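Below are the chains, spelled out letter by letter.
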Amino acid sequence: LGSTTPINDITAARFVKWIMTLDAELHPDTVSRDCGAWAGLFEWSIKRERYSSKNPIEKQKYSHGQRARLNRARGIKRVPFSGDDLKAIFATPVKKPCAHWLPRLSLYTGACLGELADMQHKHIREYAPGCWSMLIDDGKTAARRREIPLHPAIIRSGFIDYLADAKRAWPGSNYIFPHLKPASKNGSGNLPGRDFGLLKTALGMDKTKVFHSFRKTLISCLQYAGCIAEHRRQFVGHTADDDSDAELDVHETVYSLAEFDPARLAELIFPFLDFARYPGVVPEIGGYKHGM
């Protein structure tokens, strides 16, 4: 607003007009973070009677759809992983349980990092002999709250064995990854998100590939294999506001009230979830060793 602008000339209306120019230049997380810092400056000024009105700064909050549109406007594109990417990621030895399981779970469920990092044991259940589901209960929208089947590849890789080990190792915790502690930014997903960022950079991947690319890869695989949009939407928790489901028509986004239980979703989704066809990796994702 200019280095010579008196602080009392900075009004809420002036701030809102100015912040709109930043949306086209900066990442939403950067805008939100900076707004928090500026709000703190004005709180400091108000307490010391150096600003004579209410705090003009409001921390910016962006929905999933708003973030997607802003990223597209700035030319930032998140792309799926290739077969070689996934092979490299899963072949890299890791020590933390979350570093082993979070990428695998995201690839086969489409769940976001924060949703998985906060998962509790009660959210995993056996809905039929040998068939397990995951309740995603912390979605950003009503559509994101869903119970989905766990792919056989996840079960074969030893995920249920890991859950039993986690209960024995941390008997006082309800969380699947009890070693994770919530952070002020990104919650329990903050540290594994940082660790994955370091890993993918070390493997030579650029900024177009992030943890969210696991979700992109699953959706791309289903689209490539011919899974219809309504079934994809039910599985990954999409709404009409999501960019990936732009092809949904009014009958699917407004009039359809169909909801599928895990058994039905498994019938509808798993035949199309074949990473051996797209993007070209074998579906087995590595086994779990007890006591990890």
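In what follows, the accompanying structure is described. (Residues numbered from 1 in each chain as written. Predicted model: local features only at pLDDT ≥ 70, side-chain atom pairs only at ≥ 80, totals over all residues. Heavy atoms only, no water.)

Within the protein chain, the secondary structure is distributed over 13 helices and 3 strands. For the protein chain, the proportion of its 292 residues judged to be buried stands at 42%. At a minimum sequence separation of 6, the contacts of the protein chain that also span at least 24 residues come to 68%. Of the roughly 15600 Å² of accessible surface on the protein chain, 54% is carried by carbon and sulfur atoms. (Helix = DSSP H or I, 4+ residues; strand = E, 2+ residues; numbered from the N terminus. Buried < 20%, exposed > 50% of the residue type's maximum accessible area, 1.4 Å probe, protein only. Contact = heavy atoms within 4.5 Å. Areas by Shrake-Rupley, 256 points an atom, 1.4 Å probe, with all protein chains shown as cover.)

Strand order in the open sheet formed by 3 strands is S1-S2-S3, with antiparallel pairing between adjacent strands. The outermost strands of the open sheet, each flanked by one partner alone, are strand S1 (124–128) and strand S3 (146–149). The mean angle between the axes of side-by-side strands here comes to 35°, regardless of whether they run parallel or antiparallel. (Pairing = 2+ DSSP bridges. Axes fitted to C-alpha atoms, helices over the stretch in contact; angles between N-to-C directions.)

Here the focus is the nonpolar core. Burial of nonpolar side chains together is a common tendency in soluble globular proteins. In this structure, Ile124, Phe159, Tyr162, Phe177 and Phe214 are the most contacted members of the largest nonpolar core, which totals 50 residues. By residue number, the principal contributor to this core is helix H5 (residues 97–109), which donates 6 residues. Those residues in contact with Phe159 that lie beyond four places of it in its chain are Trp101, Leu105, Ile124, Leu150, Ile154 and Ile176. Core analysis: the second largest hydrophobic core is formed by 10 residues, Leu22, Val31, Phe42 and Tyr51 among them. (Core = buried A, V, L, I, M, F, W, Y, C linked by side-chain atoms within 4.5 Å.)

This paragraph deals with the pattern of salt bridges. On inspection of all chains with the given rule, the structure shows 7 salt bridges. Here Lys96 ties to Asp195 by a salt bridge, and the two come within 2.7 Å at their closest N and O atoms. One end of the pair, Lys96, is in the loop between helix H4 (83–91) and H5; the other, Asp195, is in helix H9 (residues 190–202), and 99 residues separate them in sequence. Since its relative accessible area comes to 21%, Asp195 is described here as partly exposed. Across the salt bridge formed by Asp195 and Arg194, the nearest N and O atoms sit 3.1 Å from each other. (Salt bridge = Lys/Arg side-chain N within 4 Å of Asp/Glu carboxyl O.)

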